[in-house]
Protein chains: 2
Amino acid sequence: MKWDTLEEEPCSLARTVAVIGDRWSLLILRECFLRIRRFDDFQASLGITRHLLADRLKKLVRFGVLRKIPYQEAPKRYEYILTQKGLDLYPIIMSIVHWGNVHMVDARGRPLLHEHKTCGKMFDPVMVCSECGEPLSAKHVHVHPGPGARRSSPVHASARERTKRSAESA
Amino acid sequence: MKWDTLEEEPCSLARTVAVIGDRWSLLILRECFLRIRRFDDFQASLGITRHLLADRLKKLVRFGVLRKIPYQEAPKRYEYILTQKGLDLYPIIMSIVHWGNVHMVDARGRPLLHEHKTCGKMFDPVMVCSECGEPLSAKHVHVHPGPGARRSSPVHASARERTKRSAESA
DNA sequence: ACCATAAGTTCTATTTTAGAACTGTCAATA
DNA sequence: TATTGACAGTTCTAAAATAGAACTTATGGT
């Protein structure tokens, strides 16, 4: 499967994975949320190769997650800042960080702590239902096919069918 | 940077990315949450190559996200099911799906809808503060170095230092 | 003229992934 | 008894992506 086919899958997870589902994109976005904006700063703080960094920044701009803003003329230089679409990735970043805090820390404890300025306390993110406000868990959620679903299968029908077809033609 | 160095970074995001930060792991986990458990079912529904699927399942088992459970003897066959550590990935999956629902759907609409059995309504996931219950946004969160932070830099100091050292030695 | 800064681009070597075919074990069927 | 099919992988080669380092372009400072 190629990357570009991923963003056309009838699945919101697959399409999002096309944007952030590689080793570096999420790390770059973490830096963005920590106020890093410039090429060399990304490069220094991540240790990513310049080649890959240029490529990933281009991709994130193409997807509308980052925007290039000039911060000086002559020579023309740009900063990369999060768009609203990019800022909306915050719950993804936070849920990933939280899982790491719970399941991947070593004896020394959490690398970062988060303070909620609104209430002044250190907090963890909690995912709740938009309708009743209760915390969510997988077993209390039922999945239905939506208007954008393919055929009868709620799950990823295109890949299933693609596989069937190639099995038939063999 | 190699994959194994990633899981030792003093950053909960980097360590989680070491587990789920590739094209296929998240798609495999989506299938797990949709009750897929067997090798050929994963392969058929995702279109992933058998080689990579075997590799990724092994990795997810090694990280304790999935567990191999025998479902028949002779020939010995296993199912892959989510551990508690794996079930805890649900907020990550849901926040990714939700972002895709908001930002990546085409004209036909959402592929899937989610019903909260507890309240009976179709819902979206919302991330809130564990302390005050208010919805979270990046600008209301302040980051502090925690006990597991490296040196003065709250962010990923090891990579920064590694880069500095190689620049100095050059 | 020389060096530094910033943001890339280009190059080769290595690693990862895609795609297909193959293996081993057993059950059911002809 | 031989054959077929299901299942869970493994093995192979070719193609693609990544790592690591050097190079380019533009400009300002000494």
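Data block above holds the structure.
First, a word on scope: everything that follows refers to the structure included in this document. (Residues numbered from 1 in each chain as written. Chains lettered and ligands numbered in written order. Predicted model: local features only at pLDDT ≥ 70, side-chain atom pairs only at ≥ 80, totals over all residues. Heavy atoms only, no water.)

1. Let's talk about the sheet that holds strand β4 (residues 121-122) of chain A
- Spatially, the three strands line up as an open sheet ordered β4(A)-β3(A)-β6(B), and their pairing is antiparallel. With one partner strand each, in any of the chains shown, β4 of chain A together with β6 (141-145) of chain B form the two edges of the open sheet.
- Direction of pairing for strand β3 (residues 112-116) of chain A relative to β6 of chain B: antiparallel, over a ladder of five bridges. Of the residues in β6 of chain B, the one forming a bridge with E115 of chain A is H142 of chain B. (Pairing = 2+ DSSP bridges. Helix = DSSP H or I, 4+ residues; strand = E, 2+ residues; numbered from the N terminus.)

2. Some remarks on the protein's contact with DNA strand D
- Every one of the 20 residues lining DNA strand D counts as a neighbour, but R56 of chain A together with R50, Y71, R77 and Y80 of chain B are closest to it.
- Backbone atoms, meaning sugar and phosphate, make up 61% of the atoms of DNA strand D lying within 4 Å of the protein.
- Within the side chain of Y71 of chain B, an N or O atom sits 2.8 Å from a phosphate oxygen of DNA strand D.
- Listing elements by their share of the surface near DNA strand D, those giving two or more residues are α5 (50-62) of chain A together with α4 (39-46), α5 (50-62), β1 (66-72) and β2 (77-82) of chain B.
- No other element matches α5 of chain B, which puts four residues into the surface near DNA strand D.
- Residues belonging to the surface near DNA strand D are distributed by class as follows: ten nonpolar, two polar and eight charged. (Near = heavy atom within 4 Å. Polar contact = N/O pair within 3.5 Å; in protein donor to acceptor, adjacent residues only side chain to side chain. Nonpolar A, V, L, I, M, F, W, Y, C, P; charged D, E, K, R; others polar.)

3. A look at the side chain of T83 of chain A
- Checked against the element boundaries, T83 of chain A lands in the loop between β2 (77-82) and α6 (84-87).
- Overall, T83 of chain A belongs to the buried group, its relative accessible area being 10%. (Buried < 20%, exposed > 50% of the residue type's maximum accessible area, 1.4 Å probe, protein only.)

4. What to know about α4 of chain B
- Listed in full, the buried residues belonging to α4 of chain B are F42, Q43, S45 and L46 of chain B.
- Where α4 of chain B terminates, the next one or two residues include G47 of chain B, which has phi positive at roughly 75 degrees.

5. As for the packing of aromatic side chains
- If you walk through the whole model with that rule in mind, you get two aromatic pairs over all chains.
- Here the aromatic rings of F33 of chain A and Y90 of chain A are separated by 5.2 Å at their centres, their planes lie at 50 degrees, and the arrangement is tilted. Residue F33 of chain A is found in helix α3 (residues 25-33), and its partner Y90 of chain A is found in helix α7 (residues 90-103); the two are separated by 57 residues along the sequence. With respect to class, F33 of chain A is no different from Y90 of chain A; both count as buried.
- Lying across the ring of Y71 of chain B, R38 of chain B places its NZ or CZ 3.6 Å from the centre. (Phe/Tyr/Trp six-rings, centres within 6.5 Å; stacked < 30°, edge-to-face > 60°. Lys NZ or Arg CZ within 6 Å of the ring centre and 35° of its normal.)

6. Comments concerning the interface of chain B and chain A
- Facing the 96 residues of chain B at the interface are 96 residues of chain A.
- Taken together, both faces of the contact between chain B and chain A bury some 8,900 Å²; the carbon and sulfur share is 66%.
- Of all residues in chain B, L13, R23 and W99 of chain B give up the largest surface area on contact with chain A, accounting jointly for 9% of the area buried on that side.
- Across the chain B-chain A interface, the total number found is two salt bridges.
- For the pair chain B and chain A, the interface holds 39 residue pairs in polar contact (both at pLDDT 80 or more).
- The element contributing the most residues to the side of chain B that touches chain A is helix α7 (residues 90-103) of chain B, with twelve residues.
- Among the residues making up the side of chain B that touches chain A, the classes are represented as 53 nonpolar, 23 polar and 20 charged. (Contact = heavy atoms within 4.5 Å. Buried area = accessible area lost by both parts, 1.4 Å probe. Salt bridge = Lys/Arg side-chain N within 4 Å of Asp/Glu carboxyl O.)

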